[in-house]
Amino acid sequence: MIYQRACDIVTDDVFLELDGVLPDSRLFLKLEGMNPAGSVKLKSALGMVEDAERRGVLWPGGRIVESSSGSLGIALAVIAAARGYHFTCVTDPNVSPQSLALIRSLGAEVVRVTRRDRNGGYLGTRIARIHEMTEADPGLVWLNQYANPANAQAHARRTATSVLKNIGHVDVLLVGAGTTGTLMGCTRHFRAFSPWTRIVAVDTTGSVTFGGPPGPRHIPGLGTSRRPELCRPDRVDEVVLVDEPDAVRMCRRLAREHGLPAGGSTGSVVAALEAIADRIPAGSRVVALSPDMGDRYVKTIYDDRWVADTFGADVLDDPRTRPVAV
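1. Here we look at the overall build of the chain
- Each helix and strand counted, the chain has nine helices and ten strands in total.
- Over its C-alpha trace the chain gives a radius of gyration of 19 Å, about what one expects of a compact globule, namely 20 Å for 326 residues.
- With the principal axes as the frame, the chain shows a C-alpha extent of 55 × 45 × 40 Å.
- Per-residue burial over the chain gives 57% buried out of 326 residues.
- Long-range contacts, defined as pairs at least 24 residues apart, comprise 70% of the intrachain contacts of the chain with a sequence gap of at least 6.
- Counting every atom, the chain has about 13,600 Å² of accessible surface; 52% of that belongs to carbon and sulfur.
- The centroid of the 38 positive side-chain charges in the chain is displaced by 4 Å from the centroid of its 37 negative side-chain charges.

Right, here's the structure in full:
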């Protein structure tokens, strides 16, 4: 296929059937990293930008500002470069060096906050900085991924539709929760067209999205230090919290056992699936969303020193995550 702009290349029909995680059921991992932005966030970004264009608040040469810990920042930088917008990404110390370098290489401006908010994260501080910026410069367009219905609608229209079109009957769907745009979009579509599907939201320990106590988090992607306005906890059937060390172990297992260098959110989702495997009936068809790939985590999740310094050397003790001597 031939496209006119890189940001229009949305690959939404790539699934990997994983053996061994659910021995008595079929598991399909929906790979969302096969696009120029490298993550599911390209659909969120396109949905919000196109909505702003339709509403007449964004026009050629316009200026966008958004808060991101990495993936949405990259996606918006891709779109801004392709469509002629100026983009400012407000981020924090948890952004990976690879993501930060990529955002800048695409021509975006980066503003980094370093002060934690009252729940120990950076989201509140990032949003406060955006409020300061838009008050000082009314020409800035804040897309606000945390409250923008176009974020969720993009995933109802594309992500969830693709799952049902390609897999058909789905007994269990696992979706990681960050802004909850992907989660809420999938929930909306499945409740309408596949109401029997059990929807499991996956979050990280220390996130307050579903009412848990705040705590330190080091891996970008899942979790928040304030509940996103999009989030409707009553629309999911179950919430599973995953400790970050378990997400790291699972990422390394996926790489070693399946040749899949997955991102941190994917590790969390598959770890959550393993935790509830005994409650999934034999013969089920299970779909788990994989938001991105592992290339932007080589200096963190896949770096032994970073893992040991951040979580302790015992995280490296799992023989399934160590290099094999040959």
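Text resumes after the structure shown.
2. Here we look at unusual backbone geometry
- A positive phi angle, near 55°, is found at N144, a position not held by glycine.
- Take N144: it is sitting in the loop between β6 (140-142) and α5 (149-167).
- The backbone of T180 sits at a positive phi, close to 70°, despite the residue not being glycine.
- Locating T180 in the fold gives a position in the loop between β7 (172-176) and α6 (181-193).
- Taking relative accessible area as the criterion, T180 reaches 2% and is therefore assigned buried.

3. Quick look at the packing of helix α1 (residues 41-54) against helix α2 (residues 71-83)
- Relative to each other, α1 and α2 sit at 50°, their axes nearing to 8 Å. When the axis of α1 is compared with that of α2, the two are oblique. Like other packed secondary-structure pairs, α1 and α2 cross with a definite hand, here right-handed. The segment α1 lies against α2, with K41, L42, S44, A45, L46, M48, V49, E50 and E53 engaging S71, L72, A75, L76, I79 and R83.

4. Examining the sheet that holds strand β10 (residues 285-290)
- Taken in spatial order, the six strands line up as β1-β2-β10-β7-β8-β9 in an open sheet, and their pairing is mixed. Pairing within the sheet leaves two strands with one partner each, and these edge strands are β1 (15-18) and β9 (238-242). For this sheet the average axis-to-axis angle between neighbouring strands, irrespective of direction, equals 25°.
- Where strand β8 (residues 198-204) lies against β9, five bridges are found, and the strand directions are parallel. Across the sheet, the residue bridging to V200 is E238, located in β9.
- Seen against the sheet, α5 touches β1, β2 (26-31) and β10 and runs at an angle of roughly 145° to β10.

5. Observations regarding empty space enclosed by the protein
- Applying the stated criterion across every chain, the model contains three cavities of 30 Å³ or more.
- Its volume calculated, the largest cavity comes out at about 630 Å³.
- Forming the walls of the largest cavity are 46 residues, and the residues nearest its centre are S69, G178, P220, G221 and L222.
- When residues of the lining of the largest cavity are traced back to their parent elements, those giving at least two are α2, α4 (123-136), β7 and α6.
- A per-element tally of the lining of the largest cavity places α6 first, with three residues.
- Looking at the lining of the largest cavity, its residues break down into 15 nonpolar, 23 polar and eight charged.

6. Observations concerning the confidence of the model for the chain
- Considering every residue of the chain, the mean pLDDT works out to 93; 97% of them sit at 70 or more.
- Note on residues 321-326: pLDDT under 50 across the span, and ten contacts to partners over four residues away in sequence or across chains.

7. Here we look at the nonpolar core
- Of all hydrophobic cores here, the largest spans 30 residues; its most connected members are V49, F87 and L143.
- Tallying contributions element by element places α2 first for this core, with eight residues.
- Those residues within four positions of V49 in sequence are excluded, and the remaining contacts are L58, I64, L76, I79, R83, Y85 and L143.
- L18, L27, V270 and V286 belong to the second-largest nonpolar core, a separate cluster that totals 28 residues.

8. Thoughts on the packing of helix α7 (residues 244-258) against helix α9 (residues 304-311)
- Across the interface, α7 lies against α9 with an axial gap of 11 Å and an inter-helix angle of 160°. Accordingly, the angle class assigned to the pair α7 and α9 is roughly antiparallel. Handedness of the α7/α9 crossing: left-handed. For the pair formed by α7 and α9, the contact residues are E244, P245, V248 and R252 on the first element and D304, V307 and F311 on the second.
- Residues that form the contact of α7 with α9 fall into these classes: four nonpolar, no polar and three charged.

9. What to know about the side chain of D292
- Considering the arrangement of structural elements, one finds D292 in the loop between β10 and α9.
- The buried charged residue D292 lacks any salt bridge, with R296 as its nearest oppositely charged partner at 4.5 Å.
- A distance of 2.8 Å separates the side chain of D292 from the side chain of Y297, its partner in a polar contact.
- Setting aside chain neighbours within four positions, we find D292 in contact with G33, G38, S39, S71, A262, G263, G264, T266 and Y297.

Rules used throughout
- Residues numbered from 1 in each chain as written.
- Predicted model: local features only at pLDDT ≥ 70, side-chain atom pairs only at ≥ 80, totals over all residues.
- Heavy atoms only, no water.
- Helix = DSSP H or I, 4+ residues; strand = E, 2+ residues; numbered from the N terminus.
- Rg over C-alpha atoms; globule rule 2.2 N^0.38 Å.
- Buried < 20%, exposed > 50% of the residue type's maximum accessible area, 1.4 Å probe, protein only.
- Contact = heavy atoms within 4.5 Å.
- Areas by Shrake-Rupley, 256 points an atom, 1.4 Å probe, with all protein chains shown as cover.
- Lys, Arg positive; Asp, Glu negative; His and termini not counted.
- Charge placed at Lys NZ, Arg CZ, Asp CG, Glu CD.
- Axes fitted to C-alpha atoms, helices over the stretch in contact; angles between N-to-C directions.
- Parallel < 35°, antiparallel > 145°, perpendicular 65-115°, else oblique.
- Left-handed = near helix turned anticlockwise from the far one by under 90°.
- Pairing = 2+ DSSP bridges.
- 1 Å grid on protein atoms, 1.4 Å probe; cavity = no way out; pocket = protein on both sides within 12 Å on 5 of 7 lines; lining within 4 Å.
- Points joined across faces, edges and corners; volume = space filled by probe spheres on them.
- Nonpolar A, V, L, I, M, F, W, Y, C, P; charged D, E, K, R; others polar.
- pLDDT = per-residue confidence, 0-100.
- Core = buried A, V, L, I, M, F, W, Y, C linked by side-chain atoms within 4.5 Å.
- Salt bridge = Lys/Arg side-chain N within 4 Å of Asp/Glu carboxyl O.
- Polar contact = N/O pair within 3.5 Å; in protein donor to acceptor, adjacent residues only side chain to side chain.

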